[in-house]
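Per-entry structural report
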Amino acid sequence: MRSLDDFPRYPLTIGPTPLEEAHRLSEQLGVRLLLKRDDLTGFAAGGNKARKLEFILADALRAGADTVLTGARPQSNFIRMAAAAARKVGLDPVAVVSGKPPAEVQGNLLLDYLLDTEVIYTGSEDRDSVDAVVETVRAGLVERGRRPYVIARGGADPLGCLGYVACSAELLKQLADLDLRPDYLVCAAGSCGTQAGLLLGARILDAPFQVVGIAVGRPAAACAADVARLVASTAALLERPSPVTPEDIVVHDRYIGPGYGVSTPESLEAIRRVARSEGVFLDPVYTAKAMAGLVDLVGRGEIPQGATVIFLHTGGLPSLFAHARDFGFDPTS
Ligand SMILES: *Cc1c(COP(=O)(O)O)cnc(C)c1O
């Protein structure tokens, strides 16, 4: 068996991130709610991708890369953080983005351009258009004598998942210090590396809570399959049997609405509610839907009154500025 310390890690996070009581939300919902503030990881505006990139970037350096290449949709938090991390360690960032160049350079895209990321648009809205173009761009870079390191979308690979195995360990230590045994940990499920890493870490360390993923774009079955695959490959990387059972993998897909990145009345309400109750900003794509899910699960009694619940705030604030119109505020009225 290998431990986390056996893997090279480039420091990109200020940790441990705070674990905070959300007093006013707890009162509103009738549960004890704590926020694990991974929006405050620090580097490059923060968020969950920093933990993944600590292991991935260290591997890129080990591999002797000179360029970091990844793909995603526009407003990707992962591209912003991967590009910033690449700059910090002296590598050049290249990003393949689905769709056409947007009319307005806002949010994460503004930061991507500030980092002088080479952004290549696929012209197709289909997010699966990204992978084929990444491969073409990679081949082109190699032809020009560059040494690109390709990172999976969202950093959802076994090395990235180690970042969330580490987060589980960090969280369990905080819980032990507080003498707390939560019943649930709720997080957003996108590329699912976060849920997979957390779940593997939680089961290895015998955590008391169930990990509940809230899908933000894809059906629950697809997410659950990704979680299972990533748990297995990450356990293999750690050279240990996986203690995760199929029943451990819980993903709800009722909160997606019309699609990935499209706000719902409930997700917008979650953003307003958390801001007005706690002074904490959620992002529109991930954490707003995850919180909308948490609120609904409490409302349905699937998370019972009096339960202790941890909400993993995975960051994403920059994309809020690209969604200002969703809220329809009119300061002149
Ligand atoms: C990427 C992202 C997620 C989802 O994490 P995955 O590991 O891709 O499932 C959640 N929240 C924010 C803000 C993100 O940027």
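A short tour of the structure in this document, coming up. Along every chain, residues carry numbers that run from 1 in the direction the sequence is written. Residues qualify for local features only when their pLDDT is at least 70, as the model is predicted, and side-chain atom pairs are given and counted only at 80 or more; totals for whole chains, interfaces and linings, by contrast, use all residues. In computing side-chain properties, one takes all heavy atoms of the structure into account and sets aside hydrogens as well as water.

Here we look at the sheet that holds strand 5 (residues 118-121)
Two strands in a sheet stick together by hydrogen bonds in their backbones, pointing the same way (parallel) or opposite ways (antiparallel). DSSP bridges decide pairing: two strands pair if at least two such bridges lie between them. Each helix is a run of DSSP H or I of at least 4 residues and each strand a run of E of at least 2, with the numbering of both proceeding from the N terminus. One open sheet accounts for four strands, arranged 5-4-3-6; its pairing is parallel. If you trace the sheet from one side to the other, it starts and ends with strand 5 and strand 6 (148-151), each paired once. Strand-to-strand twist across the sheet, computed as the mean angle between neighbouring axes with direction ignored, equals 20 degrees. Both strand 3 (residues 67-72) and strand 6 contribute to a ladder of four bridges, which runs parallel. Paired with Thr-70 across the strands is Ile-151, a residue of strand 6. Working rule for contacts: check all heavy atoms of both residues, and any pair within 4.5 Å makes them a contact. Helix axes use the C-alpha atoms of the stretch in contact, all axes being lines fitted to C-alpha atoms, and the angles between their N-to-C directions lie in the range 0 to 180 degrees. Taken strand by strand, helix 3 (residues 77-89) contacts strand 3, strand 4 (92-97) and strand 6, and its axis lies near 165 degrees from that of strand 4.

A word on the site of the ligand
Near the ligand there are 16 residues, and of these Lys-49, Lys-52, Ser-191, Thr-194 and Thr-314 occur at the shortest range. N or O atoms within 3.5 Å of each other form a polar contact, as long as, within protein, one can give a hydrogen and the other can take it, and as long as residues adjacent in sequence are counted only when both atoms are side-chain atoms. Asn-77 places a side-chain nitrogen or oxygen 2.8 Å from an oxygen atom of the ligand. Here the Shrake-Rupley method, with its probe set to 1.4 Å, supplies the accessible areas, and only the displayed protein chains count as covering residues. Out of a free accessible area of 380 Å², the ligand has 98% covered by protein chains. At the level of elements, helix 2 (49-62), strand 7 (184-189) and helix 7 (193-204) are the ones that each hand at least two residues to the shell around the ligand. Its residues placed into classes, the shell around the ligand shows four nonpolar, nine polar and three charged. Here a residue is considered near a molecule or strand provided that any single heavy atom belonging to it is located within 4 Å of it. Amino acids outside the nonpolar list (Ala, Val, Leu, Ile, Met, Phe, Trp, Tyr, Cys, Pro) and the charged list (Asp, Glu, Lys, Arg) are all regarded as polar, and Gly is one of them.

Focus: the sheet that holds strand 2 (residues 32-37)
If you trace the six strands from one edge of the open sheet to the other, you get 1-2-10-7-8-9, paired in mixed fashion. The open sheet has two edge strands, strand 1 (19-21) and strand 9 (250-252), and neither has a second partner. Going from strand to strand, the sheet's axes swing by 30 degrees on average, the running direction of each strand aside. Bridge analysis of strand 7 against strand 10 (residues 308-313) gives three bridges, and the strand direction is parallel. For Leu-185, the partnering residue across the bridge sits in strand 10 and is Ile-310.

Observations concerning the packing of helix 9 (residues 265-278) against helix 10 (residues 287-300)
Between helix 9 and helix 10, the least distance of the axes is 8 Å, while the angle of their chain directions is 90 degrees. One way to sum up the angle between helix 9 and helix 10 is to call them roughly perpendicular. Residues Glu-266, Ser-267, Ala-270, Ile-271, Arg-273 and Val-274 of helix 9 pack against Ala-288, Lys-289, Met-291, Ala-292 and Val-295 of helix 10. Broken down by class, the residue content of the contact of helix 9 with helix 10 amounts to seven nonpolar, one polar and three charged. Small angles under 35 degrees read as roughly parallel and large ones over 145 as roughly antiparallel, with 65 to 115 read as roughly perpendicular and the rest as oblique.

Thoughts on the nonpolar core
Ranked by size, the top nonpolar core spans 60 residues in total, and within it Leu-53, Ile-151, Leu-175, Leu-185 and Phe-209 carry the most contacts. With 10 residues, helix 6 (residues 158-178) is the single largest residue contributor to this core. With sequence-adjacent residues up to four places away left out, Ile-151 is seen in contact with Leu-53, Ile-56, Leu-57, Val-68, Leu-69, Thr-70 and Phe-78. Buried Ala, Val, Leu, Ile, Met, Phe, Trp, Tyr and Cys residues form a nonpolar core when they are joined through side-chain atoms within 4.5 Å. The rule is simple: take the accessible area with a 1.4 Å probe, protein chains only, and divide by the maximum for that residue type; under 20% is buried, over 50% is exposed, in between is partly exposed. Leu-25, Ala-292, Leu-297 and Ile-303 belong to the second largest nonpolar core, which has 35 residues in total.

A look at helix 6
The span you would expect from a helix comes to 1.5 Å times its residue count less one. In this model helix 6 runs 30 Å from its N-terminal to its C-terminal C-alpha over 21 residues, within 8% of the 30 Å that 1.5 Å per residue would give. With 15 of 21 residues buried, helix 6 lies mostly within the body of the structure. Asp-179 sits one or two residues past helix 6 and shows a positive phi near 55 degrees.

Regarding unusual backbone geometry
Of note, the bond from Gly-15 into Pro-16 is cis; its omega dihedral lies within 30 degrees of zero at -5 degrees. Within the secondary structure layout, Pro-16 lies in the segment before strand 1. Within the chain, Ala-44 stands out as a residue other than glycine whose phi angle is a positive 55 degrees. When you line up the elements, Ala-44 lands in the loop between strand 2 and helix 2. Although it is not a glycine, Glu-239 sits at a positive phi angle of roughly 55 degrees.

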